[in-house]
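# Secondary and tertiary structure notes
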Amino acid sequence: MSHDFYDVIVVGAGPAGSCTAYGLSSRGFKVAVLEQKEAPGIDTCCTGIVSSGCFDSFGVAPEVISNKARSAKLFSPSGKSLRLEKKGIQAYIVDRASFDQAIAAKAMAAGADYFFSLPATDIVIDSDGVQVETPHSAFKTRAVVIAAGFKPGFTRKLGLGSIDHFAMGAQSVVEVQGVEEVEIYFSQEMAPGFFGWLVPISNGEALAGVFATSHAKFYLEKLLSSPFCREKIVRRDTEIKKRAIPLKTLPRTFRNRLLVIGDAAGQVKTTTGGGIYFGNLGSQAAVEVLSEALDTGNLGAKQLFRYQKAWKAKMGREIHLGYMARRLYGKLSDSQIERIFDIVSSHNIAGALLDSPSFSFDWHGNLILAFMRSVWNYLPGKISSVFRREIDSINISGRQGA
Ligand SMILES: Cc1cc2nc3c(=O)[nH]c(=O)nc-3n(C[C@H](O)[C@H](O)[C@H](O)COP(=O)(O)OP(=O)(O)OC[C@H]3O[C@@H](n4cnc5c(N)ncnc54)[C@H](O)[C@@H]3O)c2cc1C
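As the structure is a computational prediction, the values presented were derived from the model and not from experiment.

Criteria and cut-off values
Residues numbered from 1 in each chain as written. Predicted model: local features only at pLDDT ≥ 70, side-chain atom pairs only at ≥ 80, totals over all residues. Helix = DSSP H or I, 4+ residues; strand = E, 2+ residues; numbered from the N terminus. Rg over C-alpha atoms; globule rule 2.2 N^0.38 Å. Buried ≥ 20, exposed ≤ 12 C-beta atoms within 10 Å, placed from the backbone. Contact = placed C-beta atoms within 7 Å. Pairing = 2+ DSSP bridges. Axes fitted to C-alpha atoms, helices over the stretch in contact; angles between N-to-C directions. Near = placed C-beta within 6 Å. Domains from an automatic or database assignment. Expected span 1.5 Å × (residues − 1). Arc of directions from axis to C-beta. Parallel < 35°, antiparallel > 145°, perpendicular 65-115°, else oblique. Left-handed = near helix turned anticlockwise from the far one by under 90°. Nonpolar A, V, L, I, M, F, W, Y, C, P; charged D, E, K, R; others polar.

Moving on, we get to the overall build of the chain. The helix and strand inventory of the chain stands at eleven helices and 19 strands. Against the globule reference of 21 Å for 402 residues, the chain gives a C-alpha radius of gyration of 22 Å, in line with a compact fold. Summarising its shape, the C-alpha atoms of the chain cover approximately 65 × 50 × 35 Å along the three principal directions. Taking all 402 residues of the chain together, 45% fall into the buried category. For the chain, the proportion of contacts with a sequence separation of at least 24, taken over those separated by at least 6, is 71%.

In C-alpha cells:
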C-alpha cells in the first residue's frame, strides 16, 4: 500500500508527538502521525498532574481536567504528615486519554493526518529522505520525529544510544474515603529511591501509584496494604499498569533528518517523574528547528544539532540537578528521612521555601539547592557531609554545563 509523501512523520501520538504535529501542521507542513494504539492516550500509565501554567500552554478545553490540586500532604516513613499549601490552584490532574485526544484533535484540525493501530517498525534514513516502515506499508518523508515514549530500541538502532538509568512506575485506580488532597508517601520500604501517592480524581476515586527503582508493582501492592493506605481504600481495581520513566537524557537526540522528543529523549523532571511539561518544551524546540530546516532544505545533522542545544539549554541543568537529588535521596535510610521530616517541620522550612522565589511547580533545580542548604546545618555529621559533597559535585558539574 502506498501513502502520500510527507514533510514529517511523527512516531507516537502522546502529548509530545501531537504537540509537534500541531506546531508543524500550523506552519503549513504536511505531517502524519503514526500511533500503535487505536486512539491517543488509552491505557496510559500516568497520573496526569500538570501545573496550571503547563496545562494552559497546551490550549485544550478544561473538560479533560478530572481534579484540581491546591495542596498536598507529605508522609514520613513513620506516618508523620507535613501539609503544603499555597494560595490558588497549583496543579490540574488531567485524564490522560481525554487530554491526549484533545491535543491530537488540535493537530488534526491544523491539518495533520493520524494513522491509528499502525506501529512504526523500522526507520531507514538516507541522504534523499526517510522511509518509515509499518507492518504492511511504508511511508516516505523528508524528516522523522521519534515521540514514542521511553523505548530504547529505536534510538539504539539508529545510532543515538539509549538511556540506561530509569525508574519503574506502577499505578491503579482505587475507591477511597477521606482522601481530599494529594498524598505523597516517602519510605524506602514502600517506594525505594522514590515515593508513592494517592491522588484523588473524581467520584470518590483516586490514582494510587508508586515509583521505585524496580518491581514497582510489588511495591504498589505493599503500599496499598500498608497503614498509609489500608484504611483509606474502599475498593481496588485489580489491574495495575506499569511503565518505565527515564532518569537521564539520551546521549544524542538528533541526526540527519531525525529528532527525538519527550520521554524518548529523556525530557522528564527527574524529581517527580513528570514528563508532560518538559516534553512540551522539547516539542516547541523541535518545531522551531525543524521548521527552519524544512524551509531551507538543510536537514543535515549539523543543522538539527541546534535542537539538542536549544532544549538542553532550557532543561539540561534541571534534569541533571533532579537526578543528583534523586541519587542522594536513594542513599538515605528511613530513619534519616524521618530526621529530615522532623527538621523541616520544626524549622518551618517547607513554608519558607513555598514562599521563596525558588518555588516553582515546574522548575525544581533552585528549590533543590535551597532545600539542601536549609536542612544541612541541622543534620547529624554523617548525612550533612553527604549533602555537602553532593552540593559540591552539583556545583562543579553545573558549572561545566552538564
Ligand atoms: C506511573 C506514572 C505516573 C506519571 N505521572 C505523571 C504526572 O503526573 N505528570 C507528568 O507530567 N508526567 C507523569 N508521568 C510521565 C508521563 O506519563 C510521560 O512523561 C509522558 O507521557 C511522556 O509523553 P510522550 O509523548 O513523550 O510519550 P508517551 O505519552 O509515552 O506517548 C508515546 C506514544 O507513542 C506510541 N508508540 C510507541 N511506540 C510506537 C511505535 N513503534 N509506533 C507508533 N506509535 C508508538 C505509544 O503508544 C504512545 O501513545 C508519569 C509516568 C508514570 C509511569
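From this point on, the discussion continues.
Pairing is antiparallel in the open sheet, where three strands are placed in the order 3-7-4. In this open sheet, the two edge strands, each paired with only one partner strand, are strand 3 (49-51) and strand 4 (65-69). Adjacent strand axes in the sheet meet at a mean angle of 30° when their direction is disregarded. Of the strand pairs in this sheet, strand 3 and strand 7 (residues 91-94) are connected by three bridges, and their pairing is antiparallel. Residue pairing for strand 7: V50 is matched across the bridge by Y92.

Not every one of the 38 residues close to the ligand is listed here, only the nearest: G12, G14, G149, G262 and G275. For the shell around the ligand, the elements supplying multiple residues, two or more each, are helix 1 (15-26), strand 3, strand 12 (166-176), strand 17 (241-246) and helix 6 (276-296). Here the shell around the ligand spans two domains, since at least three of its residues come from each of domain 1 (2-48 + 95-164 + 247-314) and domain 2 (166-244).

Assigned domains within the chain: domain 1 (2-48 + 95-164 + 247-314), domain 2 (166-244) and domain 3 (332-399). For domain 1 versus domain 3, the distance between C-alpha centres works out to 36 Å.

Let's shift gears to helix 8 (residues 334-346). For an α-helix the count is 3.6 residues per turn, leaving residues at separations of three or four pointing the same way. The first and last C-alpha atoms of helix 8 sit 18 Å apart over 13 residues, in line with the 18 Å expected at 1.5 Å per residue. Those residues of helix 8 not exposed but buried are I340, F341 and V344. Buried residues in helix 8, looked at end-on, bunch into an arc of 105°, giving them a common side. Across from the buried face of helix 8, at angles greater than 90 degrees, the exposed residues are S335 and S346. Buried residues along helix 8 sit in contact with strand 6 (81-85), helix 9 (349-355) and helix 10 (365-376). Note on helix 8: the residue one or two positions beyond its end, N348, has a positive phi of about 50°.

Time to look at the packing of helix 6 against helix 7 (residues 301-331). Interhelical geometry of helix 6 versus helix 7 gives an angle of 150° and a closest axis separation of 9 Å. On the basis of their axis angle, the class for helix 6 and helix 7 is roughly antiparallel. Here helix 6 and helix 7 pass one another in a crossing that is right-handed. Mapping the contact onto sequence places F278, L281, G282, A285, A286, V289 and A293 in helix 6 and Q303, L304, R306, Y307, A310, W311, K314 and M315 in helix 7. Residue composition of the contact of helix 6 with helix 7, by class: eleven nonpolar, two polar and two charged.

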